[in-house]
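# Observations on chain architecture
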Amino acid sequence: MLFRSTEAFVPIFECLDDLGRGDSNDDVIRLMRIEAPAWLAQVFPGRELSAALTADAGVPSHERMRREFVHLFEALTRIRPVILFFDDMHWADASSCDLIAYLFARMRSLRILVIATYRPAELMKESHPLLPVWIELERRDECREIPLQLLSLREIQQFLDLSFPANKFPHEFVGIVHERTEGHPLFMTDLIRFLRARGALAERDGNWIVTDSLERIRGTIPRGAESMIHLQIERCDEIDRKI
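From a predicted model like this one, the values you see are computed outputs, not experimental measurements. (Residues numbered from 1 in each chain as written. Predicted model: local features only at pLDDT ≥ 70, side-chain atom pairs only at ≥ 80, totals over all residues. Heavy atoms only, no water.)

### Things to note about the overall build of the protein
We count it as follows: Strands here mean DSSP runs of E at least two residues long; helices mean DSSP runs of H or I at least four residues long; both are numbered from the N terminus. Exposure is judged per residue with a 1.4 Å probe applied to protein chains only, and the accessible area is read against the type maximum: over 50% gives exposed, under 20% gives buried, and values in between give partly exposed. Contact definition: two residues touch when any of their heavy atoms are within 4.5 Å. Accessible surface is estimated by sampling points in the Shrake-Rupley manner with a 1.4 Å probe; for residues, cover comes only from the protein chains shown.
Looking only at helices and strands, the protein features 14 helices and 4 strands. With 243 residues in all, the protein has 35% of them scored as buried. In the protein, once contacts between residues fewer than 6 apart in sequence are set aside, the share between residues at least 24 apart is 67%. A total accessible area of about 14,600 Å² is found for the protein, and carbon and sulfur atoms account for 52% of it.

### Section: the layout of surface pockets
As a reminder of what qualifies: Buriedness for pockets is judged along seven lines, at least five of which must meet protein on both sides within 12 Å for an open set on the 1 Å grid over protein atoms alone, while cavities are sets there where a 1.4 Å probe fits but cannot get out, and lining residues have an atom within 4 Å of a point. Grid points are joined across faces, edges and corners, and a volume is the space filled by probe spheres set on the points. When residues are sorted by character, Ala, Val, Leu, Ile, Met, Phe, Trp, Tyr, Cys and Pro go into the nonpolar class, Asp, Glu, Lys and Arg into the charged class, and all the rest, Gly among them, into the polar class.
Size it by volume and the largest pocket reaches roughly 1,400 Å³. Along the wall of the largest pocket there are 35 residues; nearest its centre are Ala116, Thr117, Tyr118, Ile146 and Leu148. Contributing elements (two or more residues each) for the lining of the largest pocket: helix H6 (94–104), strand E2 (112–116), helix H7 (120–124), helix H8 (130–139) and helix H11 (185–197). Broken down by element, the lining of the largest pocket gets its largest block of residues, 5 residues, from E2. For the lining of the largest pocket, the per-class residue count stands at 25 nonpolar, 4 polar and 6 charged.

### A closer look at the pairing of E2
The cut-off we apply is this: Paired strands, as defined in this entry, are two strands with at least two bridges between them according to DSSP. Orient the strands so they point away from the viewer; a crossover is then right-handed if the path from the first strand over the helix to the second runs clockwise.
As judged from the 5 bridges shared by strand E1 (residues 82–86) and E2, these two strands associate in the parallel manner. Counted as the bridge partner of Phe86 is Ala116 from E2. In the classification by handedness, the crossover that spans E1, the intervening H6 and the parallel E2 is right-handed.

### Let's talk about helix H1 (residues 10–20)
Every buried residue of H1 is listed here: Val10, Pro11, Ile12, Phe13, Cys15, Leu16 and Gly20. Buried residues along H1 sit against helix H2 (25–35), helix H3 (37–43), helix H5 (62–79), E1 and H6.

### Section: the packing of aromatic side chains
To keep things clear, this is the line we draw: Only centres within 6.5 Å qualify two rings of Phe, Tyr or Trp (six-membered ring in Trp) as a pair; their planes then separate them into stacked at under 30 degrees, edge-to-face at over 60, and tilted for everything else.
Inspection of every chain in the model, using the stated rule, returns 9 aromatic pairs. Summarising the aromatic geometry, the rings of Phe9 and Trp39 are spaced 5.2 Å apart at their centres and angled 65° between planes, so their arrangement reads as edge-to-face. Of this pair, Phe9 sits in the segment before H1 while Trp39 sits in helix H3; the two residues are 30 residues apart in sequence, bridging distant segments of the chain. This pair shows no difference in class: Phe9 is buried, exactly as Trp39 is. Ring plane angle 50° and centroid distance 5.6 Å describe the contact between Trp39 and Phe69, whose orientation is recorded as tilted. Here Trp39 is found in helix H3, whereas its partner Phe69 is found in helix H5, with 30 residues between them in sequence. Looking at Trp39, the relative accessible area reads 0%, which means it is buried.

### Quick notes on a nonpolar patch on the surface
To keep it simple, the criterion reads: To count toward a patch, a residue needs a relative accessible area over 30% and no salt bridge; like charges are then connected within 9 Å, while nonpolar side chains (Val, Leu, Ile, Met, Phe, Trp, Tyr) are connected within 5 Å. What counts as a salt bridge is simple: a side-chain nitrogen of Lys or Arg found within 4 Å of a carboxyl oxygen of Asp or Glu.
Taken together, the side chains of Ile83, Phe85, Leu113 and Ile115 define a hydrophobic patch exposed on the protein surface, amounting to about 360 Å² of accessible area. Mapped by element, the contributors of at least two residues to the nonpolar patch are E1 and E2. Positionally, Ile83 belongs in strand E1.

### Some remarks on the confidence of the model for the protein
Stated precisely, the cut-off is as follows: As a per-residue quantity, pLDDT reports the predictor's confidence and falls between 0 and 100.
Summarising the model, the protein shows a mean pLDDT of 84, and 87% of its residues fall at 70 or more. Counting interchain partners and residues more than four positions distant, the pLDDT-below-50 stretch residues 1–5 has 22 contacts.

### Points about the packing of H2 against H5
This is how it is decided: Axis angles are defined between N-to-C directions and span 0 to 180 degrees, where every axis is a line fitted to C-alpha atoms and, for a helix, only to the segment in contact. Roughly parallel here means an angle under 35 degrees, roughly antiparallel means over 145, roughly perpendicular means 65 to 115, and every remaining angle is called oblique. Take the far helix as your reference; a near helix turned counterclockwise from it by less than a right angle gives a left-handed crossing, and one turned clockwise gives a right-handed crossing.
Viewed as axis vectors pointing N to C, H2 and H5 meet at an angle of 140°, and their least axial separation amounts to 9 Å. As far as their axial angle goes, H5 and H2 are oblique. In the crossing of H2 with H5, the sense of the turn from one axis to the other is right-handed. Residues Asp27, Val28, Arg30, Leu31, Met32 and Glu35 of H2 form the contact with H5, whose own contacting residues are Glu68, His71, Leu72, Ala75, Leu76 and Ile79.

### Describing the packing of helix H10 (residues 171–181) against H11
Orientation of H10 relative to H11, taken along the N-to-C sense of each, is 130°, at an axis distance of 10 Å. One way to sum up the angle between H10 and H11 is to call them oblique. Where H10 crosses over H11, the handedness of that crossing is right-handed. On H11, the residues touching Phe173, Val177, Arg180 and Thr181 of H10 are Phe187, Met188, Leu191, Ile192 and Leu195.

Below is the structure:
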């Protein structure tokens, strides 16, 4: 889930939506009806609720939302282990961070693993609401930071093989991509999209090939992410550039 919003509980809604549409969706929806009707009404509006649950109308309190959230995962993890993944947690709103902290305080008895990605520099500035949660979890030795490294030449080759099955990209091309992006994942994926959009990568007879000379590609590829951004902006029309 990718989120960048100050609206309360956006990442939590997206997380529950993913669970409710996954392989275990029947169990999730059933348990939400029992343990977390306030969440069910907001994540899956229109799902049938019992008369007892619909009678409790109105905006649920923050305390009720927290209590239902924990009860749901207490019930769900009794059936099977659960993995929650949150992407870009440095953009999470304060209410979501508070709810996740509330869950963390009760995780010792749950079969649950929470994986979250974040930019350390963003997390450390402006008193981010997740920072005290992170510090407390570290103090209790209940979390582990895994710094993500830049992609190696072999890993870029694996990415290209997965993205372009049956490709015939020369090894030198992979080296050029690695050299210019230094293995930065976002820069690398943007670069591949850029080359594909301009026709330097094309599918011919069921195989992906490099259509330009390697020297031409080397001269076309910008150096650094900032140059890549400027190049992408230049490809927009005048109205989009003004925006």
